[in-house]
Amino acid sequence: MGNTLDYIAKYDTVYGSACVGMFVIATVYYYVLRPRSTISSIVGPPLPSWIFGHMLQLMLPLQYGDHEFQWQKTYGPVYRIKGCFGQDRLMISDPVAIHYIFNTTTFDHTPILQHTIYLIEGEQSLNYVQGNTHKRLRAAMNAGFNATAVRKYQPVFENLACELYDSTITSSLSATHILADAIGASLPSWVLTAASYLPTSAFTVLRKTRFLSKQLGSRIIRDKMDAARKGLDVDNDIYGSLLIAGQLDARKSAMSGDEIAGQTALFLLAGHETATNAVSFALLELARNPAIQEQLRAEINETLGAVAYDNMPLLNAVIKETLRLYPALPTSERIALSDAVIPLNGPVTSSEGEQITAIPVRKGQLVTVATASYHRLASRWGNDSDEFRPSRWIDGTVRDGDIIGPYANLGVFSGGHRTCLGWRFSILEIQVLLCELIGKLSFTLPADSDNVVRAKCVGLLTPTLPSGEKGLMLRVNKIA
Ligand code: HEM
């Protein structure tokens, strides 16, 4: 017994000394040896928690932006927040800085974002591949998404996507996910890959989604090729357009059937859910603003069947205003692949009172492109930028500026080499759906205030009911 107690006492001493030693080494490393962050003089909100940093406030507020939009008003379009475990992150809504980050290859997806995309969409997804493979696939896929091609797509694809998506994915972002993100960022990629084979329900759902999507894509490609051999027309959806483009392209740069099939999860998840949410948010805002809904209905009726969607000013203003207030991805994570200097539209004041006109960052610096905040800059969209006011797009309030993305100077479709390939496709889809719905139905808010809808970030910005369920409660009446 005496020996055991001695042993425990000795063990405790050794263990205690080791802990103290490690603490001292960690402290010395943190304060002395660790390369000083180049962004430590950028001001930002006070730290609520060392473990979570500002991530809970950023990602899990009651309504998306509750804290973030206030931070922007207080600290301006560039400020510093903390990720989990004291990571420094730059929050950027300055248009010149965003333009630079999107358009230089110095910044790309963070490793954890890459891994998430891999888990959901698979290794052949255009959103996942990098470098020359990305360039080749993007050039090949462009044939299926250019202005001419987009007009041919049929609604069958969306119906199919709706069924598959709803039956496979039901997930929500929690504090655990945010923590896992930070832990994952510091692990070697093989650990992340190994983790995805763990039998937890989330990983099982993701693996199943990826597997089913690839199977579905392969079956579509097989059917298309059979049909083409029989001389039937196959150029009636994205797959057909990409296959035909591949056959016409004699160069080796074209996509293989297998690579086209490998885009299925991306088409289903990224393409379908984003557009569905955009239409839902538009209907919500039109229900909240009955006068605008009435004006839009009048514009739709005036076209009398001869619909030229791009020539309908209010319809397009409503769509731009919806995508401005509800960008599917309110933030985009990027990492500096080498040292860089981020230019700014206007100077920011450092904690020492110095005016900074460009921000030097080291390789590995995490940067959050704050798209939703950029979309609310008073300097760009007007002093009432928090309001839903489509007329700002018609009355000259919105001025041209640095081109951020492919559509209306908004960041909603990202920019540069990662610009959303399906943006024309989505705009057409939203135009068609809104014309059909608003032309034939009227939407009003339910009388009972228990059904207040909030925009929550559940991977994508999603309309959410107070119960936490994804959805929208509106009263719908047929137009007499
Ligand atoms: C309102 C609807 C949509 C929104 C807001 C949206 C938004 C985005 C964003 C922000 C990105 C960049 C993601 C990143 O940097 O990681 C992206 C990429 C992409 N989107 Fe969309 N998207 C929409 C609809 C679609 C549709 C309908 C399709 C195709 C059917 C599509 C296909 C793609 C593809 C292929 C990429 C990857 C581009 C690349 O990495 O080169 N998107 N989208």
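Predicted model, so just to flag it, every value in this text is computed and none were measured. (Residues numbered from 1 in each chain as written. Predicted model: local features only at pLDDT ≥ 70, side-chain atom pairs only at ≥ 80, totals over all residues.)

Would you mind going over the overall build of the chain in detail, with residue names and values included?
Counting its regular elements, the chain contains 19 helices and 11 strands. Taken across its 480 residues, the chain has 38% of its residues classed as buried. Once local pairs closer than 6 in sequence are excluded, the contacts in the chain between residues at least 24 apart make up 74%. (Helix = DSSP H or I, 4+ residues; strand = E, 2+ residues; numbered from the N terminus. Buried ≥ 20, exposed ≤ 12 C-beta atoms within 10 Å, placed from the backbone. Contact = placed C-beta atoms within 7 Å.)

Tell me about the nonpolar core, and name the residues and values.
Of all hydrophobic cores here, the largest spans 100 residues; its most connected members are Val-78, Ile-92, Ile-98, Ile-101, Leu-242 and Ala-282. When residues in this core are grouped by element, the largest group, 14 residues, is from helix 14 (residues 264–288). (Core = buried A, V, L, I, M, F, W, Y, C linked by C-beta atoms within 7 Å.)

Report on the pairing of strand 2 (residues 88–92), specifying residues and quantitative values.
Within strand 2, 4 of the 5 residues are buried, leaving the element largely enclosed by the surrounding structure. In terms of strand pairing, strand 1 (residues 78–82) meets strand 2 through 5 bridges, oriented antiparallel. In the strand pairing of strand 2, Tyr-79 is matched with Met-91. Between strand 1 and strand 2, which follow one another and run antiparallel, lie 5 residues, and Phe-85 among them has a positive phi close to 55°. (Pairing = 2+ DSSP bridges.)

Could you give an account of the site of the ligand, with specific residues and numbers?
In the region of the ligand, 23 residues are neighbours, and Gly-271, Thr-274, Ser-414, Cys-420 and Gly-422 sit closest. Looking at the shell around the ligand, the elements that each hand over two or more residues are helix 14 and helix 19 (423–440). Of the residues forming the shell around the ligand, the biggest block, 7 residues, is contributed by helix 14. Per-class residue counts for the shell around the ligand are 13 nonpolar, 8 polar and 2 charged. (Near = placed C-beta within 6 Å. Nonpolar A, V, L, I, M, F, W, Y, C, P; charged D, E, K, R; others polar.)

Quick one: what's the story with the sheet that holds strand 4 (residues 332–336), residue by residue and with numbers?
In space, the 5 strands of this open sheet follow the order 1-2-7-4-3, with mixed pairing throughout. Strands with a single pairing partner mark the edges of an open sheet, and in this sheet they are strand 1 and strand 3 (107–108). As judged from the 4 bridges shared by strand 4 and strand 7 (residues 366–369), these two strands associate in the antiparallel manner. In the strand pairing of strand 7, Ser-332 is matched with Val-369.

Break down the UniProt feature "binding site: heme" (unreviewed entry) in the chain for me, with residues and values.
Within the UniProt annotation, "binding site: heme" (unreviewed entry) is assigned to Cys-420. Relative to the helices and strands, Cys-420 is located in the loop between helix 18 (378–381) and helix 19. Not counting residues within four places of it along the chain, the set of residues in contact with Cys-420 comprises Phe-413 and Ser-414. (UniProt positions renumbered as here; feature names shortened; annotations may be inferred.)

Go over the packing of helix 14 against helix 16 (residues 313–325) with me, naming the residues and quoting the values.
The N-to-C vectors of helix 14 and helix 16 enclose an angle of 105°; their axes lie 9 Å apart at closest approach. Viewed along their axes, helix 14 and helix 16 adopt a mutual orientation that is roughly perpendicular. Of the residues in helix 16, those touching helix 14 at Ala-278, Phe-281, Ala-282 and Glu-285 are Val-318, Ile-319, Thr-322 and Leu-323. Its residues assigned to classes, the contact of helix 14 with helix 16 comprises 6 nonpolar, 1 polar and 1 charged. (Axes fitted to C-alpha atoms, helices over the stretch in contact; angles between N-to-C directions. Parallel < 35°, antiparallel > 145°, perpendicular 65-115°, else oblique.)

Pulling in residues and values, what's your account of unusual backbone geometry?
You will see that Ala-408, though not glycine, has its phi angle at about 55°, which is positive. When the 18 C-beta atoms within 10 Å are taken as the criterion, Ala-408 is described as partly exposed. Here Ser-414, not a glycine, exhibits a phi torsion of approximately 60°, which is positive. Position of Ser-414 among the secondary structure elements: in the loop between helix 18 and helix 19.

Account for the environment of Asp-108, naming residues and giving values.
Structurally, the position occupied by Asp-108 is in strand 3. Overall, Asp-108 belongs to the buried group, with 20 C-beta atoms counted inside 10 Å. In this structure the C-alpha to C-alpha distance between Asp-108 and Val-348, which are 240 residues apart in sequence, comes to 24 Å. Beyond its immediate chain neighbours, meaning those up to four positions away, Asp-108 contacts Gln-130, Arg-334, Ile-335 and Leu-337.

Lay out the confidence of the model for the chain in plain terms, naming residues and giving numbers.
Per-residue pLDDT for the chain averages 80, and the proportion of residues at 70 or more is 78%. Residue range residues 1–5 is modelled with pLDDT below 50. Its contacts to residues more than four positions away, or to other chains, number 0 contacts. Note on residues 26–33: pLDDT under 50 across the span, and 2 contacts to partners over four residues away in sequence or across chains. Overall fold confidence for the complex sits at a pTM of 0.83, while the interface term, ipTM, reaches 0.98. (pLDDT = per-residue confidence, 0-100.)

I'd like a rundown of helix 14, residues and numbers included.
In an α-helix, one turn spans 3.6 residues; hence positions three or four apart end up facing the same way. In a regular helix each residue adds 1.5 Å, so 25 residues correspond to 36 Å; helix 14 covers 36 Å between its end C-alpha atoms and thus fits that length. Extensive coverage of helix 14 is indicated by the burial of 21 of its 25 residues. (Expected span 1.5 Å × (residues − 1).)

Account for the environment of Tyr-309, naming residues and giving values.
Looking at the element boundaries, Tyr-309 is found in the loop between helix 15 (290–302) and helix 16. A residue is classified by how many C-beta atoms lie within 10 Å of it, and Tyr-309, with 16 of them, is partly exposed. For the pair Tyr-309 and Val-432, spaced 123 residues apart in sequence, the C-alpha separation works out to 7.7 Å. If we ignore the near neighbours within four places in the chain, the residues touching Tyr-309 are Leu-315, Leu-428 and Gln-431.

Let's hear about the environment of Thr-397: which residues, and what values?
Inspection of the secondary structure assignment puts Thr-397 in the loop between helix 18 and helix 19. Overall, the presence of 15 C-beta atoms within 10 Å leaves Thr-397 in the partly exposed class. In the structure, Thr-397 is positioned 35 residues away from Val-432 in sequence and 26 Å away in space, judged by C-alpha atoms.

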